[in-house]
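Take a look at the letters that make up each chain.
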Amino acid sequence: MTKPHRTARLRGAVLYIVALAMLLAHGSSAEAGEPEGSRPVAPLTDADFHPFDSELAEIGRLLFYDPILSGNRNISCGTCHHHELASGDGLALGVGEGGEGIGPKRTTGRGDARIEKRVPRNASPLFNLGAREIHVLFHDGRLSVDPIFGNGFNSPAEEYLPLGLKGILAAQALFPLTSETEMAGNPEENKIAGAAYDRIDYVWPLITERVRAIPDYLQRFQKADPDIAGAGDLTITHIANALGDFINAEWRVTDTPFDRYLAGDAEALGDGAHAGMALFYGRAGCGGCHSGPLMTDQGFHALALPHFGPGRTRRFDPYVRDVGRMGETDRLEDAYRFRTPMLRNVALTGPWGHNGAYDTLEGIVRHHLDPAAGFEAWRPEMVRLPADERFAAVDFISFEDARERARLAGRIDITPVKLDDTEVAQLVAFLKSLSGDAEGRLGRPETVPSGLPVD
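In this text, all values refer to a predicted model and were calculated from it rather than measured experimentally.

Peer 1: An account of the state of the cysteines is requested, with residue identities and associated values reported.
Peer 2: Two cysteines joined by a covalent bond between their sulfur atoms form a disulfide. Applying the stated criterion across every chain, the model contains zero disulfides. We note that Cys80 lacks a disulfide partner, and the nearest cysteine sulfur, in Cys77, lies 9.2 Å from it. There is no disulfide at Cys289, and the cysteine sulfur nearest it, in Cys286, is 9.1 Å away.

Peer 1: Quick one: what's the story with the side chain of Arg118, residue by residue and with numbers?
Peer 2: With respect to the element layout, Arg118 can be found in the loop between helix H3 (77–80) and strand S1 (136–137). In terms of polar contacts, Arg118 uses its side chain to reach the backbone carbonyl oxygen of Pro386, at 2.9 Å.

Peer 1: Could you give an account of the pattern of salt bridges, with specific residues and numbers?
Peer 2: For side chains bearing opposite charge, pairing can occur when the charged atoms are close. Scanning the entire structure with this criterion turns up 29 salt bridges. As a salt-bridge pair, Arg407 and Glu404 come within 2.9 Å of each other at their nearest N and O atoms. Placement of both Arg407 and Glu404 in helix H17 (residues 402–409) is noted, with a separation of three residues, approximately one turn of the helix. In this structure, the salt-bridge partner of Glu446 is Arg444, at a minimum N-O distance of 3.6 Å. Accessibility expressed as a relative area gives 63% for Glu446, which makes it exposed. Looking at Arg444, the relative accessible area reads 27%, which means it is partly exposed. Each of the salt bridges in this network shares a partner with another, and the network as a whole consists of Arg331, Glu333, Asp334, Arg337 and Asp413.

Peer 1: So what's going on with the sheet that holds strand S2 (residues 143–145)? Residues and values would help.
Peer 2: Taken together, the three strands give an open sheet; going across it, the order is S1-S2-S3, and neighbouring strands pair in antiparallel fashion. Edge strands, defined here as strands with exactly one partner in the open sheet, are S1 and strand S3 (153–154).

Peer 1: How would you explain the nonpolar core if you had to name every residue and give the values?
Peer 2: By size, the foremost hydrophobic cluster in this structure holds 65 residues, and its most contacted members are Leu63, Phe64, Leu69, Leu161 and Phe221. Listing elements by their share of this core, those giving two or more residues are helix H2 (54–64), H3, helix H4 (168–173), helix H5 (180–184), helix H6 (191–198), helix H7 (203–212), helix H8 (215–224) and helix H9 (236–250). Counting residues per element, this core draws most heavily on H9, which supplies seven residues. When sequence neighbours within four positions are dropped, the list of residues in contact with Phe64 reads Ser76, Cys77, Gly78, His81, Leu126, Leu243, Phe246, Ile247 and Trp251. Residues Leu269, Tyr281, Val346 and Val428 belong to the second largest nonpolar core, which totals 38 residues.

Peer 1: Summarise the environment of Val346; cite the residues concerned and give the values.
Peer 2: Position of Val346 among the secondary structure elements: in the loop between strand S5 (337–339) and helix H13 (361–369). Judged by its relative accessible area of 9%, Val346 falls in the buried class. The spacing of Val346 and Ala86 is 260 residues in sequence and 9.6 Å in space, taken between C-alpha atoms. In contact with Val346, other than residues within four places in its own chain, are Trp352, Leu361 and Leu431.

Peer 1: Lay out the packing of aromatic side chains in plain terms, naming residues and giving numbers.
Peer 2: Scanning the model with the defined rule gives 16 aromatic pairs in all. The interplanar angle of 15 degrees and the centroid separation of 6.4 Å between the aromatic rings of Phe258 and Tyr281 together place this pair among those described as stacked. With Phe258 in helix H10 (residues 257–262) and Tyr281 in the loop between helix H11 (271–280) and strand S4 (300–302), the pair connects residues that are 23 residues apart, well separated along the chain. For the residue pair Phe258 and Tyr281, the accessibility class agrees, reading buried in each case. Here Phe280 and Tyr281 contribute two aromatic rings whose centre-to-centre distance is 4.9 Å and whose plane-to-plane angle is 65 degrees, an arrangement assigned as edge-to-face. Like Phe280, the residue Tyr281 is buried in the burial classification. Put simply, the rings of Phe308, Phe375, Trp378, Phe396 and Phe399 touch in pairs and so form one group of aromatic residues. The positively charged end of Arg405 is found above the aromatic ring belonging to Phe399, 4.6 Å away from the centroid.

Peer 1: I'd like a description of unusual backbone geometry, backed by residues and values.
Peer 2: Of note, the bond from Gly350 into Pro351 is cis; its omega dihedral lies within 30 degrees of zero at -5 degrees. Tracing the sequence through the fold places Pro351 in the loop between S5 and H13. Positive phi, normally seen in glycine, also occurs at Ala86, with a value near 55 degrees. Tracing the sequence through the fold places Ala86 in the loop between H3 and S1. On the basis of relative accessibility, which here comes to 8%, the residue Ala86 falls in the buried class. Look at Asn128: it is not a glycine, yet its phi comes out positive at around 65 degrees. Relative to the elements of secondary structure, Asn128 occurs in the loop between H3 and S1.

Cut-offs applied
Residues numbered from 1 in each chain as written. Predicted model: local features only at pLDDT ≥ 70, side-chain atom pairs only at ≥ 80, totals over all residues. Heavy atoms only, no water. Disulfide = S-S within 2.5 Å. Helix = DSSP H or I, 4+ residues; strand = E, 2+ residues; numbered from the N terminus. Polar contact = N/O pair within 3.5 Å; in protein donor to acceptor, adjacent residues only side chain to side chain. Salt bridge = Lys/Arg side-chain N within 4 Å of Asp/Glu carboxyl O. Buried < 20%, exposed > 50% of the residue type's maximum accessible area, 1.4 Å probe, protein only. Pairing = 2+ DSSP bridges. Core = buried A, V, L, I, M, F, W, Y, C linked by side-chain atoms within 4.5 Å. Contact = heavy atoms within 4.5 Å. Phe/Tyr/Trp six-rings, centres within 6.5 Å; stacked < 30°, edge-to-face > 60°. Lys NZ or Arg CZ within 6 Å of the ring centre and 35° of its normal.

Here is the structure:
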């Protein structure tokens, strides 16, 4: 970089930081006369996260990778949210209970134990979910902080969600355990899966019994919580809180070049990323939804991402499709809307989209810039799905249905933006500057107290 260029960059960075300081001093961007979400407000720091108990987090680390929590003892949380895969699984749609292997090499299994259908949606990355601002989770927002049921949350368990959960991370940890396609298995295979068909909260005592029966877990919980005098005092709430504290502690990303730039390091972003940041918070309009320190408005938006796989819809819906937020609210205006994801480490967490429709970061960026054109240009061969002849005939039924295509393409919340190839590359460079620690603080354990294999 030449000296004049370096000086100009430094001057621009200083002016930008001064503007941010003025913005903070005078309140929100809207109060300062700028569009909401038009620029970041501050770097992300550990102060933005809920506290965690280190002993509970260590127990949670072991439970996270322990197949003892699954119906058939053959899959763990870590199978689909693995340390080697940036807290994901590298697949468009997950392969849950009954599959074999991890990551892109995972198969749909063999013989009677193989999966019966794909997991409906992409395995969300776990970075920064312990942030204080987080109040809604899952692609369709079916879990949110809400007093409606007297337990602090609006969730699929409604009033049956247990009391005493430390936060939304602990609450979300309970639901994969009850899912037939994710961890529970089929009712004819084990009692846990059968219990899920009776009532969702019947699952959790059965899982708790398994954990209680392992002396190492009981001793660890007793050390972390003196109120646990004996095995009978250990509940699913303790297990959920341990899992939540682990996720909170493990996957925090506050060390990105972007965060360093916001904190005053004028050279943290390269030229391409710096130009991409200007586009992101300016003409490209990305900052309108990816706003605030977490780079999400925690809202729901329709992008016309092509549908494939089993999807999630309302119970009475005869279509194989994914209606997004409408499946939770039953409001037509919420059809095909999905939660705005956070973006730190986004370059490491593909495939991208609620169903992993795009296998490249540039692909999902271009789709956002013009969803209608992206929808028309998308082809099934662009998606990464483990092969299985049983699903080949049904994976893309909805995508090939003309009426469903019209409905999906008719629900777009984004105004198209035209950028040239250089500008798209700059946006991608900025998104890559959001990459920080992806390995976690504690890491994957080599063994777990149950003695079962660790993926």
